[in-house]
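Read off the chains here:
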Amino acid sequence: MYVYIPTTQLKPAPIILAIHYCSGTAQKYFAGSNYASLADTHGFIVIYPNAPSSGGCWDVASTASLTHGGGGDSQTIINMVDYAVKNYGGDATRVYATGSSSGAMMTNVLAGAYPDVIKAGSVYSGVPDGCFFVPSATAGMATPGWNGACSSGTNIKTAQAWGDLVRSYYPSFKGTYPKMQIFHGTADTTLDYPNLAEQLKEWSNVLGLTFTKNVTNTPQPAYTQIVYGDGSKLVGYSAQGVGHTVPIHESMDLAWFGIA
């Protein structure tokens, strides 16, 4: 567990989980993002989890990791949150998750399995929660399971089916699921572009929202904002010509999380 404590900390302090990509590390995601420097300005804590697998990918394939209280990488990350709340002055009511690629996939998993902990997510080039499930996958595998149909964007479901899958991972939960912000590039050939639409179908069903409008050239040229409801609970961003992964937009994340 790697934690960045800001020079001036809010009391209690919001917590951002910044989750790295396959082949990445906590240190690489620290160096490749601006969350730590922004933490010094805004007083939040950053947790940089480090995947235990040999290739640095997160387990988003096993039933254990996908399920609330089932163990696996997802529960390990939640344990980090608990530790930061108890030992570093973190605010248990303001916990947010973000990540790129495998970290984006884990962000969706955390939002589905631990909506009682995660209040919002920002997803950079991921896949829907449950999309990467592999029946033979188990927690703690040296190389987590890989789902080729999901990565290629051919795992297509209805919004209802995706939503039912999310709800199955924590069937007793009756509260509010996290607000979600989802980025994906049209030229992504690692976790193919159709995964954007599938993620939006999934979370629109979970959150009970319908598509409202597209806003072109937002937040920048060649990006299209995809708005659901009034835009306060679910938005997507389609990045024209961008591959894997969409660059991190830290200021947008902080705004989405209500930090700045």
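K.L.:
Honestly, the overall build of the protein chain in this entry has me stumped. Any pointers?
P.N.:
Counting its regular elements, the protein chain contains 9 helices and 9 strands. Rg of the C-alpha trace for the protein chain: 17 Å, near the compact-globule value of 18 Å for 260 residues, within the 12% margin. Summarising its shape, the C-alpha atoms of the protein chain cover approximately 45 × 45 × 35 Å along the three principal directions. Out of the 260 residues in the protein chain, the part that is buried amounts to 55%.

K.L.:
Sorry if this is basic, but what is going on with a nonpolar patch on the surface here?
P.N.:
Taken together, the side chains of Met1, Ile5, Tyr83 and Tyr88 define a hydrophobic patch exposed on the protein surface, amounting to about 360 Å² of accessible area. Note that Ile5 resides in the loop between strand S1 (2-4) and strand S2 (13-19). The exposure class assigned to Ile5 is partly exposed, which follows from its relative accessible area of 34%.

K.L.:
Sorry, what's going on with the pattern of salt bridges here?
P.N.:
Where charged atoms of side chains with opposite charge meet at close range, the side chains can pair. Going through the model one piece at a time under the given rule, you end up with 2 salt bridges. Its salt-bridge partner being Asp164, residue Arg167 comes within 2.8 Å of it at the nearest N-O pair. One end of the pair, Arg167, and the other, Asp164, are both in helix H7 (residues 159-168), 3 residues apart, so they sit about a helical turn from each other. On the basis of relative accessibility, which here comes to 39%, the residue Asp164 falls in the partly exposed class.

K.L.:
Sorry, what's going on with the pairing of strand S8 (residues 223-228) here?
P.N.:
When a strand is regular, its side chains alternate between the sheet's two faces. Taking burial as the measure, the 6 residues of S8 include 5 buried ones, the bulk of the element. Summarising the sheet, strand S7 (residues 211-216) and S8 pair through 5 bridges and their orientation is antiparallel. In the sheet register, Phe211 faces S8, and the bridge partner there is Tyr228. From the end of S7 to the start of S8, which pair antiparallel, there are 6 residues, and Asn217 there has a positive phi angle of about 50 degrees. Looking at chain direction, S8 and strand S9 (residues 234-239) are connected through 6 bridges and run antiparallel.

Conventions used here
- Residues numbered from 1 in each chain as written.
- Predicted model: local features only at pLDDT ≥ 70, side-chain atom pairs only at ≥ 80, totals over all residues.
- Heavy atoms only, no water.
- Helix = DSSP H or I, 4+ residues; strand = E, 2+ residues; numbered from the N terminus.
- Rg over C-alpha atoms; globule rule 2.2 N^0.38 Å.
- Buried < 20%, exposed > 50% of the residue type's maximum accessible area, 1.4 Å probe, protein only.
- Patch = residues over 30% accessible without salt bridge, like charges linked within 9 Å, V, L, I, M, F, W, Y side chains within 5 Å.
- Areas by Shrake-Rupley, 256 points an atom, 1.4 Å probe, with all protein chains shown as cover.
- Salt bridge = Lys/Arg side-chain N within 4 Å of Asp/Glu carboxyl O.
- Pairing = 2+ DSSP bridges.

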